Amino acid sequence: MLERHIQLLFTDDAAGEAPAATRERLKGLFPAGATRRMTTLGMLVGGALGRLDPGEEDAIVYASGYAETCALESFLDSFPTPSPTLFQTSIHPSAVQQLMIGRQRPVREFLPHSGGALLAFHGLRAALLTPAARTLLCGGEERGTWLLDHGLASPRTFAFAMALADNPASGDAGTIALSADPGLGELGIAEFFDLLHRRTTFDGMVAPGWRLRLRWR
Amino acid sequence: MAGSPDPIRVAACGCVTPLGDAAATHAALLRGETALRLAEVLGRTGGDRVPLGLLDGRSLDETAPPAWLPALRTLNASIPAGDWGSPGRPVFVTGSNFGVGGLYALRTTGDPKFAVWGAPPTCTEMLRLELGWGPDVSILTHACVSAHLGLLQATRVIQAGLADEALVLSFDFLSPFVTGGFHSLKILNSGFPEPYRERGTGSIGLGDGAGFAVLSRGRGEWLISGQSLYNEMHHFTSNRGDGLGFARCLEGAARAAEGRRVWFKGHGTGTLDAGRMEIAAAVRAFPGAPVVGWKGGLGHTLGSCGLVELAVAIEAVRRGRAPGTHGGSGEAMSDAVSTGVLDTGAFDGVVCASNAFGGAHAAFLLCDA
């Protein structure tokens, strides 16, 4: 069994909030002027991850199926004179990089994942296998526009970030564990986010052959 | 966690480039051939002519299904058979592009037939069904160090006792999306790449490429060790001026290589500052090691370069001859840069390094088992 203690957890469900409202709500978390080139997903993920104060020896595991959807859409719209800024911003791990570059904060391990039905499992497995004393598992999605019409974007906007440690501490929020199990099942990243956001206890299949146990204090 | 100190082996490895499979690519590089040709940066839309390496007969313009799919089918045929994607035999798919050319085609034509291969989750699911894999298929994408992340995750899954073997597959095929993006950054220009050469303006070339490796606990001729990463988080596209990220990343591979005589297969895209910093870090970490870079012949195969060039490096060690640095004839950035063919029999290991946007760095040591 792979198990870690959840030291801290921050979640943000933008639900039906307009992107402009989300940006206005979150801009106070970042230095003045820093948000001008940040994406909405970058502000959401950065807002959650930033509160964990990531450091050089932390490992960061990032899970997002579609990542920078809006920057991607805008970059595609910029052809035939493609925008270099949007090209940079549209790369998959950009949301985390926006925070970390803004803080000029290096990190040894950064493991960005994409994925579909098993993304939560793959992000968790990576997070529970890092040798770092503290692993920061974060993720999120932002709602697309025309890419969503083609099934190539998330219909929801949300983000989460949690700090995981080997050893228990008095202020822990809970525990998270993966164990082998012959059962079938899957848990998408949005469903995993809902468990975290509502602090829901869970004992069920997260992938074929793998059970997730999520317990809260 | 059921940790294991067992060394991880490369049980099988291969690649496909415009120069052919690993053996053909290795042979072509030894002959000094290049896959790069000048082509319009936006395909049929036109634009400046830039050095691109496209698979034989493939256009930069996207088709549905993708014209690169047969190349992946051919590569897949050389992967040892197994129930890949089952709980005990996971697959790690890596890359930086996936089917993003489909998104460009979707946007420019409006034809929904291009959509399904367009995003990493949908593209990988199509590939999973195409290649008959089970559901345990992870996707790692971190620009040009993506393949290294797949190798690292595969290693960890095996070392933790969660699998005996794992497959890492990486692919990047060019499209106007990525060529237009790099051209907008001005590093993909009309010049051919001259890695580790002093010149007035840096230039890169981009190339199609895919590779795979089967990592195993118990079988394989090659040991992979010293896998290390470092992310500067300094700037989206450039590195810190002091080269710290290059140096910090190589610490792990240098520890693994202690007591060995190694050669260094660098990243070497053809950009100037990064080339100088990479060489300086390699010389400090591996004194006396000759440095080679092959992107002058292959082009930069982006997120897949770590696996494509691993396959070529393995072929080089098998044959006893490693191609020298490709591209240009001007002054090298260091005496360590090797432009001639290396006799790999004089060494007992090769360090393979890659670098990426965001000041991301990755490296590992490959040795005979």
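Here is what the cut-offs are and how they apply
- Residues numbered from 1 in each chain as written.
- Chains lettered and ligands numbered in written order.
- Predicted model: local features only at pLDDT ≥ 70, side-chain atom pairs only at ≥ 80, totals over all residues.
- Helix = DSSP H or I, 4+ residues; strand = E, 2+ residues; numbered from the N terminus.
- Rg over C-alpha atoms; globule rule 2.2 N^0.38 Å.
- Contact = placed C-beta atoms within 7 Å.
- Buried ≥ 20, exposed ≤ 12 C-beta atoms within 10 Å, placed from the backbone.
- Nonpolar A, V, L, I, M, F, W, Y, C, P; charged D, E, K, R; others polar.
- Pairing = 2+ DSSP bridges.
- Core = buried A, V, L, I, M, F, W, Y, C linked by C-beta atoms within 7 Å.
- Domains from an automatic or database assignment.
- Axes fitted to C-alpha atoms, helices over the stretch in contact; angles between N-to-C directions.
- Left-handed = near helix turned anticlockwise from the far one by under 90°.

1. Remarks on the overall build of chain A
A count of helices and strands for chain A gives eight helices and eight strands. Taken over the C-alpha trace, chain A has a radius of gyration of 17 Å; the compact-globule value for 217 residues is 17 Å, and the two agree within 12%. Taken along its principal axes, the extent of the C-alpha atoms in chain A is 50 × 35 × 30 Å. Considering only contacts in chain A between residues 6 or more positions apart, those separated by 24 or more positions represent 73%.

2. Points about the overall build of chain B
Each helix and strand counted, chain B has 10 helices and 16 strands in total. A globule of 369 residues ought to have a C-alpha radius of gyration of about 21 Å, and chain B, at 19 Å, matches this closely. Taken along the three principal axes of its C-alpha coordinates, chain B extends 60 × 50 × 40 Å. Within chain B, the fraction of its 369 residues that count as buried is 63%. The long-range share in chain B, meaning contacts at least 24 apart out of those at least 6 apart in sequence, stands at 77%.

3. Some words on the interface of chain B and chain A
Tallying the contact residues gives 45 residues for chain B and 40 residues for chain A. It is helix α3 (residues 100–109) of chain B that contributes the most residues to the side of chain B that touches chain A, five residues altogether. Looking at the side of chain B that touches chain A, its residues break down into 24 nonpolar, 16 polar and five charged. As judged from the two bridges shared by strand β3 (residues 109–114) of chain A and strand β6 (residues 137–140) of chain B, these two strands associate in the antiparallel manner. Within the sheet, the bridge partner assigned to H113 of chain A lies in β6 of chain B and is L140 of chain B.

4. Quick look at unusual backbone geometry
The omega angle of the peptide bond from F79 of chain A to P80 of chain A is 10°, so this bond is cis rather than trans. Cis geometry is found at the peptide bond from A64 of chain B to P65 of chain B, where omega equals -5°. Turning to its location among the elements, P65 of chain B is positioned in the loop between β4 (49–53) and α2 (69–77).

5. Concerning the sheet that holds β4 of chain B
Residues and elements named next belong to chain B. In spatial order, the strands read β3-β4-β8; together these three strands make up an open sheet with mixed pairing. Bordering the open sheet on either side are β3 (37–40) and β8 (206–207), each of which pairs with just one other strand. Where β4 meets β8, two bridges bridge the pair, whose relative direction is parallel. The partner of L52 across the bridge, within β8, is L206.

6. Digging into the environment of L9 of chain A
Residues and elements named next belong to chain A. Along the chain, the position of L9 falls in strand β1 (residues 2–13). In this structure, the C-alpha to C-alpha distance between L9 and R199, residues 190 residues apart in sequence, is 9.6 Å. Among residues more than four places away in sequence, those in contact with L9 are M162, A173 and L196.

7. A closer look at helix α5 (residues 94–103) of chain A
All names here are of chain A. Of all 10 residues making up α5, eight are buried, and the element is well covered by its neighbours. When we look at burial in α5, the residues that qualify are S94, A95, V96, Q97, Q98, L99, M100 and I101. On its buried face, α5 is in contact with α2 (40–50), β2 (59–63), α3 (69–77), α4 (84–89), β3 and β4 (134–141). Following α5 by one or two positions, Q104 has its phi on the positive side, about 55°.

8. Observations concerning the pairing of β4 of chain A
Residue and element names in this part refer to chain A. β4 sits mainly inside the fold: seven of its eight residues count as buried. Of the strand pairs in this sheet, β2 and β4 are connected by five bridges, and their pairing is parallel. Paired with Y62 across the bridge in β4 is C138. As judged from the eight bridges shared by β4 and strand β5 (residues 158–165), these two strands associate in the antiparallel manner. Residue pairing in the sheet places R134 in a bridge with A165 of β5.

9. Concerning the nonpolar core
Ranked by size, the top nonpolar core spans 202 residues in total, and within it V96 and C138 of chain A together with V168, A213, L215, A282 and V351 of chain B carry the most contacts. Looking at which element gives the most residues to this core, the answer is helix α10 (residues 305–319) of chain B, with 10 residues. Taken domain by domain, this core gets at least three of its residues from each of domain 1 (8–216) and domain 2 (222–368) of chain B. Those residues in contact with A282 of chain B that lie beyond four places of it in its chain are L250, F264, G266, A289, V291 and A336 of chain B.

10. Section: the packing of helix α1 (residues 19–26) of chain A against α2 of chain A
Residue and element names in this part refer to chain A. Orientation of α1 relative to α2, taken along the N-to-C sense of each, is 40°, at an axis distance of 10 Å. Here the hand of the crossing between α1 and α2 comes out left-handed. Contacts from P19, T22, R23 and L26 in α1 reach T40, M43, L44 and G47 in α2. Taken together, the residues of the contact of α1 with α2 break down into four nonpolar, three polar and one charged.

11. Let's talk about the domain arrangement of chain B
Residues and elements named next belong to chain B. Splitting chain B by domain gives domain 1 (8–216) and domain 2 (222–368). Taken together, the 61 residues of domain 1 in the interface contact 57 residues of domain 2. Of all elements in the fold, only β1 (8–17), α1 (22–30), β4, α5 (146–159), β7 (165–172), β8 and β9 (209–216) reach the threshold of two or more residues within the side of domain 1 that touches domain 2. Looking at the side of domain 1 that touches domain 2 element by element, the count peaks at seven residues for β1. Considered class by class, the residues forming the side of domain 1 that touches domain 2 number 32 nonpolar, 22 polar and seven charged.

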